[in-house]
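Take a look at the letters that make up each chain.
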Amino acid sequence: MKPLLLAALLAIPALNANAGDYPQALQPSGRFSVYGHGAAATPPMGWNPWNAFRTEVSQARMLEVVDVIQRSGLQQAGYRYINIDDGWWLKRAASGDIEIRTSMFPIAGRADGSTSFRAWTDQLHARGFKAGLYTEAGRNACSQAFDRHSPNLPIGRVAEREIGLQGFEASDLKIMFQDWGFDYLKVDACGLADFGEGSEPVLESGHRALRPLIVRDDAQRTDRDAVETRYARIGRLLADLNPDNDYVLSICPWGQAGVRDWGGQYGHTWRTSPDIEPSWESMLHNFDSASQRELYAGPGRWNDPDMLAIGLGDFDADHLVEARSHFSLWAMLSAPLLMGFDLTQAPDALLELLRNPEVIAIDQDAAGNQATLVIDQPPLQVLVKPLSVPGERAVLLFNRGDATLQAQVNATQMKLAAGQPFSTRDLWQQRDFGSGPGPLDFTLGPHQTIMLKVSGTPVAGRGRLLSEMTGRIHVAADGLRSYSTNLAAAAGTPRADVTPYGEPLRIAGTDYHYGIGAHADSRLEVRTDGEFSRFSSDIGLQDGPMDQHDQAIFRIYGDQRLLFESPPMTVGQHAVSVDLDISGVQVLELVAADATARKEALKTPLVTWADPRLQ
Ligand code: GAL
C-alpha cells in the first residue's frame, strides 16, 4: 500500500522554518541556474583546424576548407563556425595587447604595423559564417607545453610569450569580441595544468612556473573551485562584452576539475574528456565520457566529447561504418558537431555523410534532450533521444564490438505506449519501413549503428515523463560532488531512468521503467515555465545492498515555495505517491536530503523519483 500524501495536508509554514537545517546547496534557488546567455540554443556546428593541421595552420589553408564547406553544401547543412585553434599568437606586446602571427594570417597585418583579426571575421561574416578563436585560461598555451618544437610558438621574452588570459582577461576578451568581432571562443586550460615548478616547459623553455590548479586525473590535488572561479569570470565577462548575445563559450579542461558538473553554469560547451584521437578506442572513450551525463545537457549547455575525427584514421573514407557510428553517437549526445579534418581531401562519400540532414536534425532538435542509454550491455548499447515533437524519438542501436550481434528495442524502452502502432524511419538509408507495436529487431555488423526516427504514442499520453524532458532539468547539487570530481564519467551522478550506478529503479521491490535516480543530497531544477498544472511521482529510497540506517527526506518546491515534504524515509519502505498542483510554476525543484543519523564517510543514500510526470 502506498499512502497518498497530499500537499494540502502538510503544515507547510512550519516546514519552511526548518529549511536552515540542511546545506545551502539544497535550498531552493527559485530559478533555472544555468548560464543562460549567448547563442547555443542548439549544439554549435562548424570546423576547427586543430586535428588536421595542429600549429601548421594558416589563413590560406583555412580558406581552402571554407571554400569546400560553402561549395559542398556543408554550410547550408548547418556548419557555421569557422574556428581558429592554437598557434595564432606571435607575442604579447609591451602595451599588453596580443600580436597576431601575420606570416600565418597576413590578413591580420595593418599598415601601421599593428595587427587585428577584424578583416578576417568581416570576410567570414560576409560569407555567412561565424568566426571562432582560441585562447587559454592560464598564462601559457597548450602548444607551449605539447608542441614545443613547432615553429609557430609565441616569441620573445618570458612575459611576451605569456599569451594566455591570466591577468589580461578583461582586455583580451574585449579585443577579441568587440574589436576583432569574434563570435565563439574556446578557452583551454594547459596554462593551469602543465607549467608547474620543474615541468619540462618551465625547465626547457623558461616559462614562469605556476602552481598547477589542475593535476590531471588527480581530484585531490586539483583545485576545482579555483578552476571554476576562472571560468565563471570569463563567462561573466563575455556576457557583458556581447550585449547582442551572439556568442559561444567553449570551456576546455578535458573533463578535469569537475567541469562536467559546473560547465553549464558558465558556458555553452564543456569538454568531458581528453583530446579525441582518430581511433575506435578513443572515440568510444570520449563517447563514454558524456553518455551518462544526460541530465547536464540542454538548450544552451552541451556535453562536449571533443571534435569529430571523421575523415581521419579509423574514420576515413575506407571506414564509413565507423564514421557513421561516430557521427550518429555525437548526434544522439546533442554534442557540438565540429568537423576536424582537411576537407579539401574529402571524397564525396564523406561529405555526404557529414551533410546527412536527418542525422543533423537529431543533434539540433530544439528540445535539447540528450539521449539516454536504455540498454547498456556492451558491446550492445541502445540510446533513445526524445525529440521536440511529442511521440517522436531518435533511437540508436550500436555495436561497439568486432562481432555481429542481434539487437532489439521495444516500445516501453522508446517511451512509447505499449501495444500502439508506431512508424519507423532509417536515417542513414533515408527510408521508412514497417510500423510497430512489436519490438524492433536488427542484426548489427561490427561497429555498426542503426539510427532510427520512431513516431508513436507517448507513454505519458498528453503528459510528459520527467525523463523525456531532460533538456529542461538542471542538476543544481549532486551528493557526490566532493569526491566524484575526476572519476570517469560513471561517477554516480543523477541519471534518467536508472540509478546513479546504472541499475534499474526499484523501491521496496517495485520496479519502475522511468524516473530519476539520484543521491541524497541532491537538488534538481526543472524548467516548467508555467506550462503544467500537476506534478506526480512516487518517491522512496532505492532498493539495494545498502545500509538499513540510510534515511532521506524528499522536498518539492515550486518557485521556491515548499509544496511537499516527506517524513524521513528508509530503505525498503514503500514508495509514497505525490500529486501536486503546480499551476503557474516556472521552476520546480526536487530535493533529496540525507537524513541518516549515523553517517559513514563517503556514503550517501540513493533516492528514486519514480515515474515522475508533468501534466
Ligand atoms: C588541447 C585541446 C585541443 C587543442 C589543443 C591545442 O588542450 O584539447 O582541442 O585545442 O589543446 O594545443
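Counting from 1, residues in each chain are numbered in the order their sequence is written. For a predicted model such as this one, the threshold for reporting local features is a pLDDT of at least 70, and the threshold for listing and counting side-chain atom pairs is 80 or more; totals across whole chains, interfaces and linings nevertheless cover every residue. For the side-chain quantities, the full set of heavy atoms in the structure was used; hydrogens and water were omitted.

*Asks:* Just to check I follow, could you spell out the state of the cysteines for this structure?
*Replies:* Such a bond, covalent and formed between the sulfur atoms of two cysteines, is termed a disulfide. Any cysteine sulfur atom paired with another within 2.5 Å is treated as part of a disulfide. Under the defined criterion, the tally for this structure stands at one disulfide. The side chain of C142 participates in a disulfide bridge whose partner is C190; the two sulfur atoms lie 2.0 Å from each other. Handedness of the C142-C190 disulfide follows from its S-S torsion of about 95°: it is right-handed. Here the residue C142 occupies a position in the loop between β6 (130–136) and α6 (143–146), and C190 occupies one in the loop between β7 (184–188) and α8 (200–205), the gap between them amounting to 48 residues. A single burial state applies to C142 and to C190, both of which are buried. Free of any disulfide, C252 has its nearest cysteine sulfur in C142, 6.7 Å distant. Think of it in three bands: residues with accessible area under 20% of the maximum for their type are buried, residues over 50% are exposed, and the middle band is partly exposed, with areas taken using a 1.4 Å probe on protein chains only. Judged by relative accessible area, which is 1%, C252 ranks as buried. What counts as a helix is a DSSP run of H or I of at least four residues, what counts as a strand is a run of E of at least two, and both are numbered from the N terminus.

*Asks:* Would you explain the side chain of E468 in this entry?
*Replies:* Inspection of the secondary structure puts E468 in the loop between β20 (464–465) and β21 (473–478). The definition of a polar contact used here is a pair of N or O atoms within 3.5 Å, where within protein one atom must be able to donate a hydrogen and the other to accept one, and adjacent residues in sequence count solely through side-chain atom pairs. A distance of 2.5 Å separates a polar atom in the side chain of E468 from a polar atom in the side chain of R393. By definition, residues are in contact when any of their heavy atoms lie within 4.5 Å. Residue contacts for E468: discarding those within four places in its chain leaves N369, P386, R393, K415, A460 and G463.

*Asks:* I would appreciate a short explanation of the domain arrangement of the protein chain in the present structure.
*Replies:* The accessible area lost on association of the parts is a frequent measure of interface size. Domain annotation for the protein chain reports domain 1 (4–30 + 463–614), domain 2 (45–363) and domain 3 (372–455). Contacts between the two partners involve eight residues from domain 1, matched on the other side by six residues from domain 3. By buried area we mean the combined loss of accessible area, with a 1.4 Å probe, across both parts when two parts are placed together. When the buried surface of domain 1 facing domain 3 is broken down by residue, E468, R495 and Y514 rank first, second and third, together holding 58% of it. Counted as salt bridges are all cases of a side-chain nitrogen of Lys or Arg within 4 Å of a carboxyl oxygen of Asp or Glu. Linking domain 1 to domain 3 there are two salt bridges. E468 serves as the salt-bridge partner of R393, at 2.5 Å between the closest nitrogen and oxygen. In this assembly, domain 1 and domain 3 are joined by three residue pairs in polar contact (both at pLDDT 80 or more). Where each domain begins and ends is defined by an automated method or by a domain database.

*Asks:* What should I look at first to understand the side chain of S334 in this one?
*Replies:* With respect to the element layout, S334 can be found in the loop between α12 (320–332) and β11 (337–339). Overall, the relative accessible area of 0% leaves S334 in the buried class. One polar contact links S334 to K385, side chain to side chain, over a distance of 3.2 Å. With near-sequence residues (within four places) excluded, S334 lies in contact with P43, W302, N303, D363, N369, Q370 and K385.

*Asks:* Honestly, the site of the ligand in this entry has me stumped. Any pointers?
*Replies:* For each residue, the test is whether any non-hydrogen atom lies within 4 Å of the molecule or strand; if one does, the residue is near. Taken together, 14 residues form the shell around the ligand, and within it D85, D86, K186, D188 and D275 come nearest. Here an oxygen atom of the ligand sits 3.0 Å away from a polar atom, N or O, in the side chain of W254. Take D275: an N or O atom from its side chain is 2.5 Å from an oxygen atom of the ligand. In short, Shrake-Rupley with a 1.4 Å probe defines the accessible areas, and a residue's cover is counted only from the protein chains shown. About the coverage of the ligand: the protein hides 95% of its 310 Å² of free accessible area. Classification used: nonpolar for Ala, Val, Leu, Ile, Met, Phe, Trp, Tyr, Cys and Pro, charged for Asp, Glu, Lys and Arg, polar for all others including Gly. A breakdown of the residues in the shell around the ligand according to their chemical character gives seven nonpolar, one polar and six charged.

*Asks:* It is not clear to me how the packing of aromatic side chains should be interpreted in this structure. Could you clarify?
*Replies:* For this analysis, a ring pair means two rings from Phe, Tyr or Trp (six-membered ring only for Trp) whose centres lie within 6.5 Å, classed as stacked if their planes differ by under 30 degrees, edge-to-face if by over 60, and tilted for the remaining angles. This structure, assessed with the given rule, holds 20 aromatic pairs. Note on F327 and W428: the rings are 6.3 Å apart at their centroids and 55° apart in plane angle, and the pair reads as tilted. Of this pair, F327 sits in helix α12 while W428 sits in the loop between β16 (423–426) and β17 (431–433), placing them 101 residues apart in sequence. Per residue, the accessibility class of F327 equals that of W428, and both read buried. Clustering of aromatic rings is evident, with ring pairs tying together W88, W89, F105, F117, W120, Y134, W180 and F182. Two conditions define a charge located above a ring, namely a distance within 6 Å from the ring centre to NZ of Lys or CZ of Arg, and an angle within 35 degrees of the ring normal. Sitting over the ring of F168, R92 keeps its end group 3.6 Å from the ring centre.

*Asks:* Looking at this model, I keep getting lost on the confidence of the model for the protein chain. Mind explaining?
*Replies:* Reading fine detail from the predicted coordinates is not recommended where pLDDT is low. Predictor confidence is given residue by residue as pLDDT, running from a minimum of 0 to a maximum of 100. Averaged over all residues, the pLDDT of the protein chain equals 93, while 93% of them reach at least 70. Segment residues 1–20 is flagged for pLDDT under 50; beyond a separation of four residues in sequence, or across chains, it makes 29 contacts in the model. Note that pLDDT drops below 50 for residues 482–490; the model gives that stretch 26 contacts with residues more than four away or on any other chain.

*Asks:* Would you explain the nonpolar core in this entry?
*Replies:* Most often, soluble globular proteins have nonpolar side chains that are buried together. The set of buried Ala, Val, Leu, Ile, Met, Phe, Trp, Tyr and Cys residues whose side-chain atoms join them within 4.5 Å is what this entry labels a nonpolar core. Core analysis: the largest hydrophobic core is formed by 145 residues, its most contacted members being W88, F105, F117, F327 and L343. Considering every element that reaches this core, the biggest residue donor is helix α9 (residues 224–241), with nine residues. Setting aside chain neighbours within four positions, we find F117 in contact with I84, W88, I100, F105, A108, L133, W180 and F182. Judged by nonpolar contacts, the second largest core, of 19 residues, contains V395, L397, L405 and L452.

*Asks:* What should I look at first to understand the packing of helix α3 (residues 59–71) against helix α5 (residues 118–126) in this one?
*Replies:* Between two packed helices, the angle of one axis relative to the other and the distance separating the axes together describe the packing. Relative to each other, α3 and α5 sit at 10°, their axes nearing to 13 Å. The orientation of α3 relative to α5 falls into the category roughly parallel. Two secondary-structure elements touch here, α3 through Q59, M62, L63 and V66 and α5 through W120, Q123 and L124. Looking at the contact of α3 with α5 residue by residue, the classes come out as five nonpolar, two polar and no charged. What counts as an axis is a line fitted to C-alpha atoms, over the stretch in contact for a helix, and the angles between N-to-C directions run from 0 to 180 degrees. Orientation is classified from the angle alone, with under 35 degrees giving roughly parallel, over 145 giving roughly antiparallel, 65 to 115 giving roughly perpendicular, and any other angle giving oblique.

*Asks:* Sorry, what's going on with α12 here?
*Replies:* For an α-helix, the turn length of 3.6 residues means that residues three or four places apart are oriented alike. The span one expects for a helix is its residue count, reduced by one, times 1.5 Å. When the terminal C-alpha atoms of α12 are compared, their 18 Å separation across 13 residues agrees well with the 18 Å that a helix rising 1.5 Å per residue should span. E322, A323, S325, H326, F327, S328, L329, W330, A331 and M332 are the residues of α12 that are buried. Two residues or fewer after α12 comes S334, characterised by a positive phi angle close to 55°.

*Asks:* In this structure, what is going on with the sheet that holds strand β12 (residues 372–377)? I would like to understand it.
*Replies:* Think of a sheet as strands paired side by side through backbone hydrogen bonds, with each pair either parallel or antiparallel. Pairing within the open sheet is antiparallel, and its six strands lie in the order β12-β13-β14-β19-β16-β17. Strands at the two margins of the open sheet, each flanked by one partner only, are β12 and β17. Direction aside, the axes of adjacent strands within the sheet are offset by 20° on average. Strand pairing is defined by DSSP finding a minimum of two bridges between the two strands. Looking at chain direction, β16 and strand β19 (residues 449–455) are connected through four bridges and run antiparallel. Of the residues in β19, the one forming a bridge with S423 is S455. Sitting on the sheet, helix α11 (residues 280–291) touches β12, β13 (380–386) and β14 (392–399), and the angle it makes with β14 is about 140°. Against the sheet, α12 contacts β13, β14 and β19, and its axis sits at roughly 140° relative to β14.

*Asks:* Would you explain the sheet that holds strand β2 (residues 45–47) in this entry?
*Replies:* Strand order in the open sheet formed by eight strands is β10-β9-β8-β7-β6-β3-β2-β11, with parallel pairing between adjacent strands. Of all strands in the sheet, those bounded by a partner on one side alone are β10 (302–304) and β11. Neighbour-to-neighbour, the strand axes of the sheet open up by a mean angle of 25°, direction not taken into account. Strand direction decides the pairing type here: strand β8 (residues 248–252) and strand β9 (residues 269–271), joined by two bridges, are parallel. Residue pairing across strands places I251 opposite W270, the latter belonging to β9.

*Asks:* Help me understand the pattern of salt bridges, please; the structure alone is not making it clear to me.
*Replies:* Think of it this way: side chains of opposite charge can pair up when their charged atoms draw near. Scanning all chains against the criterion turns up 37 salt bridges. Residues joined in a network through salt bridges with shared partners are R472, R527, D529 and E531.

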